[in-house]
Amino acid sequence: MSKVKPTKEQAQELNRRLDAVVKAGHVSNLYCDCELCQALAEQAELMGYRTDSTIKRPSEKWDRRKREYERRRQIDLVKMANLAGQGLTSAEIGEKMYRSKGYISKLAKEFDIKIFTKKER
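Residues numbered from 1 in each chain as written. Predicted model: local features only at pLDDT ≥ 70, side-chain atom pairs only at ≥ 80, totals over all residues. Heavy atoms only, no water.

### With respect to helix 3 (residues 60-85)
Phase 1 of the analysis: Between its first and last C-alpha, helix 3 extends 38 Å over 26 residues, near the 38 Å set by a 1.5 Å rise per residue.
Phase 2 of the analysis: Every buried residue of helix 3 is accounted for by R73, D76, L77, M80, L83 and A84.
Phase 3 of the analysis: On the buried face of helix 3, the contacting elements are helix 4 (90-97) and helix 5 (101-110). (Helix = DSSP H or I, 4+ residues; strand = E, 2+ residues; numbered from the N terminus. Expected span 1.5 Å × (residues − 1). Buried < 20%, exposed > 50% of the residue type's maximum accessible area, 1.4 Å probe, protein only. Contact = heavy atoms within 4.5 Å.)

### A look at the pattern of salt bridges
Phase 1 of the analysis: Applying the stated criterion to the full structure yields five salt bridges.
Phase 2 of the analysis: R17 is the salt-bridge partner of E13, the closest N and O atoms lying 2.7 Å from each other. Residue E13 and its partner R17 are located together in helix 1 (residues 8-24), separated by four residues, close to a single helical turn.
Phase 3 of the analysis: Its salt-bridge partner being E110, residue R73 comes within 2.5 Å of it at the nearest N-O pair. Pair noted here: R73 is in helix 3 and E110 is in helix 5, with a separation of 37 residues, a long-range link.
Phase 4 of the analysis: A residue is classified by how much of its surface remains accessible, and R73, at 12% relative accessible area, is buried.
Phase 5 of the analysis: Judged by its relative accessible area of 46%, E110 is partly exposed.
Phase 6 of the analysis: Linked through salt bridges whose partners overlap, the residues forming this network are E13, R16 and R17. (Salt bridge = Lys/Arg side-chain N within 4 Å of Asp/Glu carboxyl O.)

Below is the structure:
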């Protein structure tokens, strides 16, 4: 099915259904199968924006990747806390852990870990 420019009525209908989904608060749920979200998916398929109106669940692969990311992050957090306790700067910690300075700073800010700067030594 090729994408054709929607008519004014179709565009208004899509916007109306999109507003209903947003009003219901389903904006961050990608795999919602409620009536409102299903109606929006069907309208999008009708207009040629989607190829399939059924909303599928994500594969197990994404859950596994998310778990691996969280596990790696926890390990990084422990290593970073130990190195920060030794009085290293974020650049030195990043160098030892093979992570970027920004990633180290982000973790430190999120978990309220004090990292020394060169001036504080």
